[in-house]
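Below, each chain spelled out in residue letters.
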Amino acid sequence: MSNLTFAIIKPDAVKNNYVGQIITMITEAGFKVKAMKMTRMSQDSAKGFYEVHKERPFYGELVDFMCSGPCVPLMLEKENAVADFRKLIGATDPAQADEGTIRKRYAGSKAENAVHGSDSDENALIEIAHFFSRDERLNNYTN
Ligand code: ADP
Ligand code: MG
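In short, a report on the structure. (Residues numbered from 1 in each chain as written. Chains lettered and ligands numbered in written order. Predicted model: local features only at pLDDT ≥ 70, side-chain atom pairs only at ≥ 80, totals over all residues. Heavy atoms only, no water.)

1. Concerning the pattern of salt bridges
Tallied over the entire structure, the rule returns five salt bridges. For the salt bridge of Asp-84 with Lys-78, the shortest nitrogen-to-oxygen distance reads 2.6 Å. (Salt bridge = Lys/Arg side-chain N within 4 Å of Asp/Glu carboxyl O.)

2. A few points about helix H2 (residues 19-28)
Those residues of H2 that sit buried are Ile-22, Ile-23, Met-25 and Ile-26. For H2, the arc enclosing every buried residue in end-on projection is 155°, short of the 170-degree limit, so these residues lie on one face. Among the residues trailing H2, Gly-30 stands out with phi positive, at a value near 100°. (Buried < 20%, exposed > 50% of the residue type's maximum accessible area, 1.4 Å probe, protein only. Helix = DSSP H or I, 4+ residues; strand = E, 2+ residues; numbered from the N terminus. Arc of directions from axis to C-beta.)

3. A word on the packing of aromatic side chains
Inspection of every chain in the model, using the stated rule, returns seven aromatic pairs. A centroid spacing of 5.2 Å and a plane angle of 25° characterise the contact between Phe-6 and Phe-131, whose relative ring orientation is stacked. One end of the pair, Phe-6, is in strand S1 (residues 4-9); the other, Phe-131, is in helix H7 (residues 121-131), and 125 residues separate them in sequence. The rings of Phe-6, Phe-49, Tyr-50, Phe-131 and Phe-132 are connected pair by pair, giving a single aromatic cluster. (Phe/Tyr/Trp six-rings, centres within 6.5 Å; stacked < 30°, edge-to-face > 60°.)

4. Some thoughts on the nonpolar core
In this structure, Ile-9, Ile-22, Ile-26, Phe-85 and Ile-102 are the most contacted members of the largest nonpolar core, which totals 21 residues. Contributing elements (two or more residues each) for this core: S1, helix H1 (11-15), H2, strand S3 (72-77), helix H5 (81-89) and helix H6 (102-106). With residues up to four places along the chain from it excluded, the contact list for Ile-22 reads Ile-9, Ala-13, Ile-102, Tyr-106 and Val-115. Grouped together as the second largest cluster of nonpolar side chains are 19 residues, Leu-4, Phe-6, Tyr-59 and Phe-65 included. (Core = buried A, V, L, I, M, F, W, Y, C linked by side-chain atoms within 4.5 Å. Contact = heavy atoms within 4.5 Å.)

5. Quick look at the environment of Ala-91
By the secondary structure assignment, Ala-91 is in the loop between H5 and H6. Note: C-alpha distance between Ala-91 and Lys-104 (13 residues apart in sequence) is 8.4 Å. Excluding residues within four positions of it along the chain, Ala-91 makes contact with Gln-96, Ala-97 and Arg-103.

6. Details of the site of ligand 1
Neighbouring residues of ligand 1: Lys-10, His-53, Phe-58, Leu-62, Arg-86, Thr-92, Arg-103, Lys-110, Ala-111 and Asn-113. Between ligand 1 and His-53, the relevant distance is 3.0 Å, taken from an oxygen atom to a side-chain nitrogen or oxygen of the residue. In the complex, the protein chains occlude 81% of the 530 Å² of accessible area that ligand 1 would expose alone. Comparing atom positions with the cavity grids shows ligand 1 to sit within the largest pocket. Taken together, the residues of the shell around ligand 1 break down into three nonpolar, three polar and four charged. (Near = heavy atom within 4 Å. Polar contact = N/O pair within 3.5 Å; in protein donor to acceptor, adjacent residues only side chain to side chain. Areas by Shrake-Rupley, 256 points an atom, 1.4 Å probe, with all protein chains shown as cover. 1 Å grid on protein atoms, 1.4 Å probe; cavity = no way out; pocket = protein on both sides within 12 Å on 5 of 7 lines; lining within 4 Å. Sits in = over half its atoms within 2 Å of the grid points. Nonpolar A, V, L, I, M, F, W, Y, C, P; charged D, E, K, R; others polar.)

The following block contains the structure:
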């Protein structure tokens, strides 16, 4: 059982200047930030990341949205990280999300919903590797 999960502060939340408030909610909930950066996804990267949704009607819109501006991927550590993070972000549709969740506070719609969170330990590791090199995962930087 891994204690890691993977999150993205999505382009809508970056554009709306919520990065600081969202990271504060994450750390106050007991998560430790193990890796983080600001990046803009390419079409290929977003298509690969959301491959499981490629048959869904919103796939194209989702890929375009995720590439529309910078986002902030995060590797997070906490006991029971995957389930606890899903609880912290709330339902996919902010209208259905519980009070006090990140999506309830900061998401504007079901499509542009402020944050991503992994849905399993297995996917967390795949998603972490999608965004962070081995050196970035190990905080092993060189200049
Ligand atoms: P979650 O991010 O809560 O795990 P899903 O895995 O079902 O939700 O969907 C991935 C992402 O696709 C969502 O976070 C959202 O950005 C987008 N999405 C999901 N459902 C819809 C929809 N019906 N219309 C538009 N975008 C959607
Ligand atoms: Mg999902």
